[in-house]
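# Structural characterization, general
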Amino acid sequence: MTGARGLMWLSRREVLRVSKLWTQTVLAPVISSMLFILVFGLALGGRFKQVEGFDYREFIVPGLITMAMVQAAYNNNASSIFQARSDRYINDVLSAPMHAWQMNVGFNVGGFVRALWIGVSLLVLSLPLTGVPVREPLVLIVAVLLALVLFSALGTVVGIFAETFDHHMFVSNVVILPLTFVGGVFYSVDRLGSPWHELSHLNPVFYLVNAVRYGFLGTADVSVWLALGVTAALAIPAYAWSHWLFVTGRKLKD
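Predicted model only: the values in this text are computed from it and were never measured. (Residues numbered from 1 in each chain as written. Predicted model: local features only at pLDDT ≥ 70, side-chain atom pairs only at ≥ 80, totals over all residues. Heavy atoms only, no water.)

### Side note on the environment of Phe 151
Looking at where Phe 151 falls in the secondary structure, it is placed in helix 6 (residues 137-161). Since its relative accessible area comes to 5%, Phe 151 is described here as buried. The spacing of Phe 151 and Phe 112 is 39 residues in sequence and 9.2 Å in space, taken between C-alpha atoms. Apart from the residues lying within four places of it in its own chain, the contact partners of Phe 151 are Val 70, Ala 73, Tyr 74, Ile 176, Val 205 and Leu 208. (Helix = DSSP H or I, 4+ residues; strand = E, 2+ residues; numbered from the N terminus. Buried < 20%, exposed > 50% of the residue type's maximum accessible area, 1.4 Å probe, protein only. Contact = heavy atoms within 4.5 Å.)

### So, the pattern of salt bridges
Per the stated rule, a full pass over the model turns up 3 salt bridges. Of the charged contacts in the structure, one is a salt bridge between Arg 13 and Glu 14, with a shortest N-O distance of 2.9 Å. Taking the relative accessible area as the measure of exposure, Arg 13 reaches 32% and is therefore partly exposed. The closest approach of N and O atoms between Glu 163 and Lys 251, which form a salt bridge, is 2.6 Å. One end of the pair, Glu 163, is in the loop between helix 6 and helix 7 (165-181); the other, Lys 251, is in the segment after helix 10 (224-248), with 88 residues separating them in the sequence. On the accessibility criterion, Glu 163 (48% relative accessible area) is partly exposed. (Salt bridge = Lys/Arg side-chain N within 4 Å of Asp/Glu carboxyl O.)

### Overview of helix 9 (residues 204-217)
With 14 residues, helix 9 extends 20 Å between its outermost C-alpha atoms, agreeing within 8% with the 20 Å of an ideal straight helix rising 1.5 Å per residue. Listing the buried residues of helix 9 in full gives Val 205, Phe 206, Tyr 207, Leu 208, Val 209, Asn 210, Ala 211, Val 212, Arg 213, Gly 215, Phe 216 and Leu 217. Packed against the buried residues of helix 9 are helix 3 (56-86), helix 5 (100-130), helix 6, helix 7, helix 8 (196-200) and helix 10. The N-cap residue of helix 9 is Asn 203: its side-chain oxygen and the backbone nitrogen of Val 205 are 3.0 Å apart. Just past helix 9, the residue Gly 218 takes up positive phi, approximately 80°. (Expected span 1.5 Å × (residues − 1). Polar contact = N/O pair within 3.5 Å; in protein donor to acceptor, adjacent residues only side chain to side chain.)

### As for the packing of helix 5 against helix 6
Where helix 5 contacts helix 6, the axes come no closer than 9 Å and their chain directions differ by 125°. The angle between helix 5 and helix 6 falls in the class oblique. Judged by the sense of rotation from one axis to the other, the crossing of helix 5 with helix 6 is right-handed. Along its contact with helix 5, which presents Asn 104, Asn 108, Gly 111, Phe 112, Ala 115 and Leu 116, the element helix 6 presents Val 144, Leu 145, Leu 148, Val 149, Ser 152, Ala 153 and Thr 156. (Axes fitted to C-alpha atoms, helices over the stretch in contact; angles between N-to-C directions. Parallel < 35°, antiparallel > 145°, perpendicular 65-115°, else oblique. Left-handed = near helix turned anticlockwise from the far one by under 90°.)

### Let's talk about the packing of helix 9 against helix 10
Viewed as axis vectors pointing N to C, helix 9 and helix 10 meet at an angle of 130°, and their least axial separation amounts to 8 Å. Between helix 9 and helix 10, the angle is such that the two are oblique. Helix 9 and helix 10 meet at a crossing whose hand is left-handed. Residue-level contacts link Pro 204, Tyr 207, Leu 208, Ala 211 and Tyr 214 of helix 9 to Val 224, Leu 226, Ala 227, Leu 228, Val 230, Thr 231 and Leu 234 of helix 10. The residue makeup of the contact of helix 9 with helix 10, split by class, is 11 nonpolar, 1 polar and no charged. (Nonpolar A, V, L, I, M, F, W, Y, C, P; charged D, E, K, R; others polar.)

### Regarding the environment of Ile 160
Residue position: Ile 160 is located in helix 6. A relative accessible area of 0% places Ile 160 in the buried class. As for Ile 160 and Gln 83, which are separated by 77 residues in sequence, their C-alpha atoms are 9.7 Å apart.

Quick look at the structure:
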């Protein structure tokens, strides 16, 4: 088996892992996010004034899609690589004639595909309900790609270092989810007073949410270039870290 065939084999396995359990990996997150849109955007949206010139139901869609996608990318890769280590399946991958970058890409594909399926599904379902526009599609594509690189790689790293299943769930529930909720998903941070306004700018997820929101609405709480730059500055080292772990075999060959 050549390196290219090995990459295709590993990628196909990761995608099948997502598709065979689609009710858990795709349908469940889509339903959860749609409930947020229905409850906050439609049921309660009439009680809120417009935010940044947009109806509240339109304003929250980009953040909710971002939240669902990054959680899916992270959780998929963290659980996949952790299970591969626990079942010793990772030894088959490491012994295959594949380069480290091919192993890294192969394991990251599952998170990419799962997150994209969820994102596209939410967009298709939310369009007729909220009428959310897509004003800057190129910015949206770049923001989504950077988001998926960042959280797919982060999931891979955590899955490699995790000693128990609870370890990677801890990062998801105690770090990623709270940062996403306070990253401006449901509100504009410009409406926050001091010191919460300043503290929000220390949240890396805040820049990601605003990059995606700019792709949809054409407006954001910060410069779109700053938002993309911060996200890229996090995504590149995260991916390099996951690649380095496959190069060195650290925590993989123990």
